[in-house]
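Spelled out from the first residue to the last, the chains are:
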Amino acid sequence: MPELPEVEVLARHLRPVLRGKSIRAVRVNRAKILKPTTERELKRVLTGAKFKSLVRRGKYLLFDFTASGKTVTLLGHLGMTGRMFVADKAEPLPKHSAVVFELNRGVFVFEDTRYFGRMTLDLSSVEKLGPEPLDQDFSPEGFARELKRSRQPIKVKLLDQTLVAGVGNIYASEALFRAGISPKLAANRLTFAQVKKLHGTIRDVLAEAIDCGSTVPLNFSAGKSDGLFYFGRAPGVEDYYEERLLVYDRAGKPCVRCKSSIKRIVQAARSTFYCSSCQKS
DNA sequence: CACCATGTTCCTTG
DNA sequence: CCAAGGAACATGGT
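Cut-offs used in this document
Residues numbered from 1 in each chain as written. Chains lettered and ligands numbered in written order. Predicted model: local features only at pLDDT ≥ 70, side-chain atom pairs only at ≥ 80, totals over all residues. Heavy atoms only, no water. Phe/Tyr/Trp six-rings, centres within 6.5 Å; stacked < 30°, edge-to-face > 60°. Lys NZ or Arg CZ within 6 Å of the ring centre and 35° of its normal. Helix = DSSP H or I, 4+ residues; strand = E, 2+ residues; numbered from the N terminus. Buried < 20%, exposed > 50% of the residue type's maximum accessible area, 1.4 Å probe, protein only. Polar contact = N/O pair within 3.5 Å; in protein donor to acceptor, adjacent residues only side chain to side chain. Contact = heavy atoms within 4.5 Å. Near = heavy atom within 4 Å. Nonpolar A, V, L, I, M, F, W, Y, C, P; charged D, E, K, R; others polar.

Here the structure, examined in full by the defined rule, presents 5 aromatic pairs. Where F101 meets F108, the ring centres are 5.7 Å apart and the plane angle is 20°; that geometry is what we call stacked. By the ring-pair criterion, three or more aromatic residues cluster together here, those being F63, F101 and F108. A cation sits over an aromatic face here: R30 above Y115, 3.7 Å from the ring centre.

As structure tokens, then:
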């Protein structure tokens, strides 16, 4: 599920749901998710803690709690398949519930089929992140400066979270298509005009995804439909939202702009989708 | 059985 | 120290 927009939508959903909640008990079903925090440590620090606030940074969620006068921060990351939701205590937990926080009312569940996600007290990953793409400090000039230092293909470079935080495999392809830039172009070969264009399309594509996700009725309770989907993917909402992913997972389908066939290539062991006619350089 | 999947980190190589 | 490439992590869908 998770690139920046999905995580942002999740944060907006969770904030009011967690307001006023305290942690009665912590259950850990898969300690690997806590790394490098230990199960003991997590329980010691968070049992009895009261939820204060939630901030998204890149694809990470930072939960602040107050525990015996002090603030403790819990860092969450959804990995590839993670989900977080608050449900009634009586509801059956999904199969891969890695960590379950029992609240004064209900349970806060971190579920992750592939267990690539994180729920930890170690905040070091967040310190390495680049600027927030939707904030002012993400400037075309700074972006250009960083791109100049790399010879990697631009698509691969966009996945580097120290360059800009929150862009993932789907929106990287989408932003490049909108900018008309080839995913294979070396980062340091982009013209400043291209950098400015890409800077804009990154912001646009992420902002639109957030808007779109924010208006989808959300139901994060256990079960299949948790409401967090990419553009146009939510079952039952096709009627409301036009398909917004213009290239991702559209190999062989006609380009929305020029009708030529969308290509799939592999870069850094990940799929890249693009239009070889609209994205020549 | 084969291949694919929204992400990050660790290890190696240059 | 740095950039870059590749494997590893674990499970499920097609």
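Tracing the chain through its elements places N169 in helix α6 (residues 169-179). For N169, a relative accessible area of 9% puts it in the buried group. Polar side-chain contacts of N169 include one of 2.7 Å to the side chain of K155. In terms of polar contacts, N169 uses its side chain to reach the backbone carbonyl oxygen of S271, at 3.1 Å. Sequence-distant contacts of N169, defined by excluding residues within four places in its chain, comprise E3, K155, L159, Y248, R270 and S271.

Around DNA strand C, the neighbouring residues are R30, K95, H96, T113, R114, Y115, F116, R149, S150, R151 and Q152. Protein-adjacent atoms of DNA strand C, using a 4 Å cutoff, are sugar or phosphate at a proportion of 62%. Within the side chain of R30, a nitrogen or oxygen atom sits 3.0 Å from a phosphate oxygen of DNA strand C. In the model, a base nitrogen of DNA strand C is placed 2.5 Å from a nitrogen or oxygen of the R114 side chain. Of the residues that constitute the surface near DNA strand C, the class distribution is 2 nonpolar, 4 polar and 5 charged.

Our next topic: α6. Across the 11 residues of α6, 10 count as buried, placing the element largely inside the fold. Buried within α6 we find N169, I170, Y171, A172, S173, E174, A175, L176, F177 and A179. Positive phi shows up at G180, right after α6, with a value of about 70°.

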